[in-house]
Amino acid sequence: MNELKHTMISKAVEQYSAIYPLITKGDLRECFTTEGNTLFFWFNTADESTHVLTTRIS
């Protein structure tokens, strides 16, 4: 996993404390998608809500 993805996971943990992969994914590493120049990180939190963080890819 590249550094950008690690940074996004760390940011999500800082914001929400406990994060989990989406129900359809087995691991947080599978929770990334790319659209154009944007990297999306999808994850769930303890309250069973889905969240997304985005960042630009250079």
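Below is a short write-up of the structure. (Residues numbered from 1 in each chain as written. Predicted model: local features only at pLDDT ≥ 70, side-chain atom pairs only at ≥ 80, totals over all residues. Heavy atoms only, no water.)

1. Here we look at the pairing of strand β3 (residues 38-45)
Summarising burial for β3: six of the eight residues are buried, a large majority. Alignment of strand β1 (residues 19-20) against β3, held across two bridges, turns out to be antiparallel. Residue pairing in the sheet places isoleucine 19 in a bridge with threonine 45 of β3. Across four bridges, strand β2 (residues 32-35) lies against β3 in antiparallel orientation. The residue of β3 that forms the bridge with threonine 33 is phenylalanine 40. The pairing of β3 with strand β4 (residues 50-56) spans seven bridges and is classified as antiparallel. (Buried < 20%, exposed > 50% of the residue type's maximum accessible area, 1.4 Å probe, protein only. Helix = DSSP H or I, 4+ residues; strand = E, 2+ residues; numbered from the N terminus. Pairing = 2+ DSSP bridges.)

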